[in-house]
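Read off the chains here:
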Amino acid sequence: MLILLPPSEGKADAGTGRRWNPDKLSLPELNPARERVLDALVTLSGGPDEAAARAALGLSEGQRGELRRNARLRVAATAPAAQIYTGVLYEALDLASLPSEAQRAARRSVLVSSGLWGAVRLADRIPPYRCPIGARLPGIGALSAYWRGELVPVLGAAGRGPVLDLRSGAYAATWTPRGDLAERTVTVRVLHERDVDGVPVRSVVSHFNKATKGRLVRDLLLAGARPRTAAGLVEVLRELKYTVEEEAPAAGRIRQVDLVVTDL
């Protein structure tokens, strides 16, 4: 099973070990593309036009420190991606507290989308950075379009098992499974159901959507789940006591399911 996660805007303040080494990253086919984005980001962040750099990266004036950090990415200390990403989803996943077997499964099965790296595994050592997928970099253009061209041949060869795609919309746009792979892919929308004057009302959640997805991945890893098909993955979610609703999946299309929660 392949599990696709978004990165988090929140990141560790600093790495703890050696400098970034592209030769140590997973998916080495992406290294030339990574180098181009890194060069553009470092040049932009360390350039003379701070206002333009902040605008390109969606930073406020109070976040100019992110530019200084970006400018030093090639010499910055690194840490495993599992420690760099510190947002809500990753707090709920709480990888460090998982048993060793579940941690090994996470390192094998989880890929994290990234505006800078394209995609990394949890054990890949990277420095903290600021490079949202919505950014436009000099010589690169819109990162979403750039990575779409680079990720298709790499992720398109993703194994034979099911794919659990938990990426947010902007990152999901960088790679869309097609054909047979689409039929093996499951996406999840989190709906909150609450009682309003005796009537159940559902709404799409945002912040808590991330926490729910983090707990979902944690539960799958703890259960040692190894479904062989998209239908098998949906069945595992139900066995884990999640309320899952879906329409009949269409041939050649991604399987879209709703996860209904009452507690956030």
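Presented here is a report on the structure given in the accompanying data block.

About the criteria used
Residues numbered from 1 in each chain as written. Predicted model: local features only at pLDDT ≥ 70, side-chain atom pairs only at ≥ 80, totals over all residues. Heavy atoms only, no water. Phe/Tyr/Trp six-rings, centres within 6.5 Å; stacked < 30°, edge-to-face > 60°. Helix = DSSP H or I, 4+ residues; strand = E, 2+ residues; numbered from the N terminus. Buried < 20%, exposed > 50% of the residue type's maximum accessible area, 1.4 Å probe, protein only. Arc of directions from axis to C-beta. Pairing = 2+ DSSP bridges.

### Side note on the packing of aromatic side chains
Thinking step 1. One pass over the full model with this rule turns up five aromatic pairs.
Thinking step 2. Ring centres of Trp 20 and Trp 117 lie 5.1 Å apart, and the angle between their planes is 35 degrees; on these two criteria the pair is classed as tilted. With a gap of 97 residues between them, Trp 20 in the loop between strand S1 (2-5) and helix H1 (31-45) and Trp 117 in the loop between strand S3 (110-114) and strand S4 (118-121) connect regions that are remote in the sequence. Per residue, the accessibility class of Trp 20 equals that of Trp 117, and both read buried.
Thinking step 3. For the ring pair Tyr 85 and Tyr 129, a centre distance of 6.4 Å and an interplane angle of 85 degrees mean the geometry is edge-to-face. Taken as a pair, Tyr 85 in the loop between helix H4 (81-84) and helix H5 (88-93) and Tyr 129 in the loop between strand S5 (125-126) and strand S6 (136-137) lie far apart in primary sequence, 44 residues in all.
Thinking step 4. Relative accessible area serves as the criterion here: at 2%, Tyr 129 is assigned to the buried category.

### Describing helix H6 (residues 100-109)
Thinking step 1. By the burial criterion, the buried members of H6 are Ala 102, Gln 103, Ala 105, Ala 106 and Ser 109. One side of H6 carries all its buried residues, which in axial view fall inside an arc of 160 degrees. The outward face of H6, more than 90 degrees from its buried face, is lined by the exposed residues Glu 101 and Arg 108.

### Quick look at the pairing of S3
Thinking step 1. Counting buried residues in S3 gives five out of five residues, a clear majority hidden from the surface.
Thinking step 2. By the alternation rule, side chains of S3 split into Val 110, Val 112 and Ser 114 and Leu 111 and Ser 113, which are all buried.
Thinking step 3. As paired strands, S1 and S3 are joined by three bridges and run parallel to one another. Of the residues in S3, the one forming a bridge with Ile 3 is Val 110.
Thinking step 4. A loop of three residues connects S3 with S4, the two strands running antiparallel in sequence.

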